[in-house]
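Close look at the chain arrangement
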Amino acid sequence: MFRLFFAAWCCTIGINANAQNAITGVVTEESGEGLVGATIQLDRSNHFAVTEADGKYRIADVATGSYEVRVQFLGFKEYVAQLEVNQNVVLNIQLQEDVRFTDEVVVYATRATEKSPTTFTNIGKVEIQKQNFGQDLPFVLNWTPSLVATSDAGAGVGYTGLRVRGSDATRVNVTINGIPLNDSESQGVFWVNIPDIATSTQSIQVQRGVGTSTNGAGAFGASINLNTNHRYDEPYADIINSYGSFNTHRHTVGFGTGLIDKKFTFDGRASLIKSEGFIDRAASDLKSFYMAAGYYGKKTMVKAIVFGGSEVTYQSWYGVPESRLNNDVDAMLTTAAAEGWNQDQTDNLLNSNSRTFNTYTYKDQVDNYAQDHYQLHISHQFNPNLIANAALHYTYGRGFFEEYKLDQSLNDYGVPDAVVGAETIANTDLIRRRWLDNDFFGVTYSLSYDKGRYSGILGGAANRYIGDHFGEIIWAEVALTAPKDYRYYDNRGDKDDFNIFWKSNYKLTSQLNGFVDLQYRRIDYTASGIENDQEPVSVDEEFNFFNPKVGLTYEWPRRGQLYASYSIAQREPVRNDFIDAPTGTKPKPEKMQDLEIGWRLKKSNYFVNVNYYMMNYKDQLVLTGELNDVGSSIRTNVDQSYRTGVEVEGMMRFSRRLSWGLNFTLSENRIKNFTEVIYDYGLAFDEFNEVKNQLSDVDISFSPSLIAGSMLTYSPFPGFESTLLTKYVGDQFLDNTSNADRQIDAYFTNDLRLTYSFQPSFMKSVSMSLLINNLLDVEYESNGYTWGYIGGGETVRQNYYYPQAGRNFIAMLALKF
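Residues numbered from 1 in each chain as written. Predicted model: local features only at pLDDT ≥ 70, side-chain atom pairs only at ≥ 80, totals over all residues. Heavy atoms only, no water.

With that settled, consider the overall build of the chain. The helix and strand inventory of the chain stands at 7 helices and 45 strands. Taken against the 2.2 N^0.38 rule, which gives 28 Å for 817 residues, the C-alpha radius of gyration of the chain at 27 Å falls within 12% of a compact globule. In the chain, the share of contacts with a sequence separation of at least 24, taken over all contacts with a separation of at least 6, comes to 67%. For the chain, the centre of its 72 positive side-chain charges and the centre of its 97 negative side-chain charges are spaced 11 Å apart. (Helix = DSSP H or I, 4+ residues; strand = E, 2+ residues; numbered from the N terminus. Rg over C-alpha atoms; globule rule 2.2 N^0.38 Å. Contact = heavy atoms within 4.5 Å. Lys, Arg positive; Asp, Glu negative; His and termini not counted. Charge placed at Lys NZ, Arg CZ, Asp CG, Glu CD.)

Here it is in structure tokens:
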């Protein structure tokens, strides 16, 4: 693969544009002082620059023509002007302070800046729009460093997920405008609940490692910080439609009033996304909305935001057995026997397509859930150096997943045996719904001070979660002796999450900046009632965590920036870690020490980021390879484990037509000592014995040692852009045994994205795009799980995978008025 990258690089080095003009200058504030870090962008081109010392910048290799120049810097009005380029141009720009707030102050407290000695990637509005064809957000972010995206339905719509540096969603902290999105109990993020959120997103920052202090679930692998749409000063309307393979289609309508009376704005969006999915019957029906109203005064900003979605998604989370993928009939019969499937289920396995098999056939085997988010943000500038932010939020989620269950013991549902005539019936087929009804609310706050050598933020949050879990039988083959609205299980979880942090940057010398970030976090979690397996739930835990972070940033004249940081992070176990823990035991909280050392360099035609990390864990919760009754992975603490690696991210613009972005991660992810547990049921299946296998220096599951991404962009004429998107993900193990018989093979895929935009006189723009996914029609799987047992004198192992779609496409038409 690296030979391919190297060859592509060598082939493009010699390509030059027909014209070699340069734009140079200085960006200053009104006092004449240079602004370091301002961005200069030539519209509808790949040219950009970031001001360096004294506000100086240079953009080279600019073809003759007319360009719209945009200059942006936080706290200042955006500069926009037309520029004719037919020779070298000197353009000095003076930015005016923006007396009205910009929406970036809402996320300032939880984001890293160029001063921060942390590892991060920023994705702006333009990049988001290019890749936003209606797939879930993990597929918009798929080409950021160290990230692996996966889709249960195989086509990027419905249930999707991501891992960063091998860390799953429960370890990736996600906030929207500084408000936590992770579910408080599972700590997971379910992107299907907020479909098309990318359309209403202005920018995204992905921090890898511990990152800077944020709100919500502990960041153990990464933080993803979304900032929703900023203030639009002019009225606008958008209509976006797309259609593609698997009858995937998306319809989005958006509007904004622009500034009314120079103070008020109103924005809205409504979206509908449907897809039949790549996997059999894995259809999705997704609806979402976004509404915002803002007041922008000289010293105060108030913004109310309401967004949400509803989804009805056919379940495809069981995966495809390895035996079915391999078309091995004997192995499929073994799978059916191990699963205890009846003849109809076995026939479904034998007669399905090898890559699209879905074990579920009941027509209403769906997940049906809705989630509404309410946010009220208030920001006030007391003086030029002091800004306060506060936000109130409330999230209401409710829904169920429905299941057809065969030959169920009534005793397992707390229901007496049914009597039909003279016959007593102890087992029956039935349909059940498992409900989750939850409320999440609280306040976040920050106070930012910036003057002279010092800048600091005092921030935090206080949040409360209430979650009701219960199950209902909505149909049974026999009449049940159960009361109306009977709940066969019912339990409740309550969680209080408080944190306070203080981040400080101090300019020690003209080139050296010191960083200190101290966070205290307290969690109180209780759960009580009866769980699905009729076992009692009893959790009453309190956690107190102190998470310090320190670092240095050195401005290396003309050679970029060096940084180093050391962080400690701690986090509590998730709900299932408590529920699924063996009797008499309880999971321990995890602790991690994170060392990050890096170098960043930005020039007019290229940038490069290189980072080394060492994440050393104590009591990390890792997968055992087992699944609970809803397909969630069971985890156990391991004493010592680590992740270490090197990340490289860069972009080079060879000419005004050609640019290449590349990132790759080389890593090692190991557990020093791991105990594999497998159950032995004896020769006659009348025993229950634990067999423990002691292993040392094994790979952590789902942690590929090589992840790479490439974006090769060619623009032969104005308005047209073609991009080849390449992704390589190395081998991943399904469990922590480093056994090659239980792994996901490496895969190498290519997508092709074509976009043509033009500006007719009667509207702002028309954009036509085509995304061809998996251009070379590669057969690959991006996720999976494994389980096994010993019985009847033999060891049975079953691997399950989530195949991704072969060559497929999505076409999109976007109209902007």
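So that's the structure; there's more coming.
Read across the sheet, 4 strands follow the order 3-2-5-6 without closing on themselves; strand pairing throughout is antiparallel. A single partner strand is all that each edge strand has here, and the edge strands are strand 3 (48–50) and strand 6 (79–85). The average angle at which neighbouring strand axes cross in this sheet is 20°, direction not considered. (Pairing = 2+ DSSP bridges. Axes fitted to C-alpha atoms, helices over the stretch in contact; angles between N-to-C directions.)

Before going further, it helps to spend a moment on the packing of helix 5 (residues 329–339) against helix 6 (residues 343–351). Running from N to C, helix 5 and helix 6 cross one another at 150°; their axes reach a closest spacing of 10 Å. Here helix 6 runs roughly antiparallel to helix 5, going by the angle between their axes. Seen from above, helix 5 lies across helix 6 with right-handed handedness. Where helix 5 approaches helix 6, its residues V329, M332, L333, T335 and A336 are matched on the opposing element by T346, L349 and L350. In terms of residue class, the contact of helix 5 with helix 6 is made up of 6 nonpolar, 2 polar and no charged. (Parallel < 35°, antiparallel > 145°, perpendicular 65-115°, else oblique. Left-handed = near helix turned anticlockwise from the far one by under 90°. Nonpolar A, V, L, I, M, F, W, Y, C, P; charged D, E, K, R; others polar.)

Taken residue by residue, helix 5 has M332, T335, A336, A338 and E339 as its buried positions. The arc that holds the buried residues of helix 5, viewed along the axis, is 165°, so those residues lie on one side. Residues of helix 5 that are exposed and point more than 90 degrees away from the buried face comprise D330 and A337. Considering only its buried residues, helix 5 is in contact with strand 21 (320–321), helix 4 (322–325), helix 6, strand 43 (781–791) and strand 44 (794–803). Sitting at the amino-terminal end of helix 5 is D328, which places a side-chain oxygen 3.3 Å from the backbone nitrogen of D330. Note on helix 5: the residue one or two positions beyond its end, G340, has a positive phi of about 75°. (Buried < 20%, exposed > 50% of the residue type's maximum accessible area, 1.4 Å probe, protein only. Arc of directions from axis to C-beta. Polar contact = N/O pair within 3.5 Å; in protein donor to acceptor, adjacent residues only side chain to side chain.)

Structurally, the position occupied by N227 is in strand 15 (residues 222–228). With residues near it in sequence (within four places) discarded, N227 still touches D103, E104, V107, R111, N177, T201, Q202 and S203.

Next up on the list: the pattern of salt bridges. For the structure shown, the criterion picks out 41 salt bridges. As a salt-bridge pair, R231 and D233 come within 2.7 Å of each other at their nearest N and O atoms. R231 sits in the buried class, given a relative accessible area of 16%. A salt bridge links D497 to R521, with the shortest nitrogen-to-oxygen separation between them at 2.8 Å. (Salt bridge = Lys/Arg side-chain N within 4 Å of Asp/Glu carboxyl O.)

Within the open sheet, the 5 strands sit side by side as 9-14-15-12-13. Their pairing is mixed. Among the strands making up the open sheet, the edge pair consists of strand 9 (119–123) and strand 13 (179–180). Summarising the sheet, strand 14 (residues 201–208) and strand 15 pair through 7 bridges and their orientation is antiparallel. Each residue of the ladder has a partner; that of R208, found in strand 15, is A222.

To continue, consider the pairing of strand 14. Taking burial as the measure, the 8 residues of strand 14 include 8 buried ones, the bulk of the element. Sheet topology places strand 9 next to strand 14; 5 bridges connect them, and they run antiparallel. Note that in strand 14 the partner of N122 across the bridge is Q205.

Here we come to the packing of aromatic side chains. Per the counting criterion, the structure on display carries 33 aromatic pairs. Taking 5.7 Å as the distance between ring centres and 85° as the angle between the ring planes, the aromatic pair formed by Y318 and Y800 counts as edge-to-face. Pair noted here: Y318 is in the loop between strand 20 (300–314) and strand 21 and Y800 is in strand 44, with a separation of 482 residues, a long-range link. With relative accessibility at 22%, the residue Y318 sits in the partly exposed group. By relative accessible area, Y800 is classed as buried at 0%. Between F717 and F720, the aromatic rings sit 5.3 Å apart at their centres with planes inclined by 20°, giving stacked as the arrangement. One aromatic cluster in this structure is built from Y318, W341, F357, Y360, Y785, Y800 and Y802. The ring of Y613 carries the charged tip of R165 above its face, separated from the ring centre by 3.7 Å. The cationic tip of K503 hangs over the ring face of F501; the distance from NZ or CZ to the ring centre is 5.1 Å. (Phe/Tyr/Trp six-rings, centres within 6.5 Å; stacked < 30°, edge-to-face > 60°. Lys NZ or Arg CZ within 6 Å of the ring centre and 35° of its normal.)

Looking now at the confidence of the model for the chain. When pLDDT is averaged along the chain, the result is 90; 95% of the residues meet or exceed 70. Low pLDDT, under 50, characterises residues 1–18; the stretch is placed with 26 contacts to residues that sit more than four places away or in other chains. (pLDDT = per-residue confidence, 0-100.)

Next up on the list: the nonpolar core. By size, the foremost hydrophobic cluster in this structure holds 28 residues, and its most contacted members are L137, V174, W191, I204, I224 and L226. Going through the elements one at a time, helix 3 (137–140), strand 10 (147–151), strand 11 (160–164), strand 12 (172–176), strand 14, strand 15, strand 19 (284–296) and strand 20 are the ones with two or more residues in this core. Excluding anything up to four places from it in sequence, V174 contacts I179, P180, L181, N182, V189, W191, I224 and L226. Listed in part, the 21 residues of the second largest apolar core include A38, I40, Y57 and V69. (Core = buried A, V, L, I, M, F, W, Y, C linked by side-chain atoms within 4.5 Å.)

Backbone geometry places N177, a non-glycine residue, at a positive phi of 60°. Here N177 lies in the loop between strand 12 and strand 13. In this structure, Q187 takes a positive phi of about 60° despite not being glycine. Tracing the sequence through the fold places Q187 in the loop between strand 13 and strand 14. A relative accessible area of 1% means that Q187 is categorised as buried.

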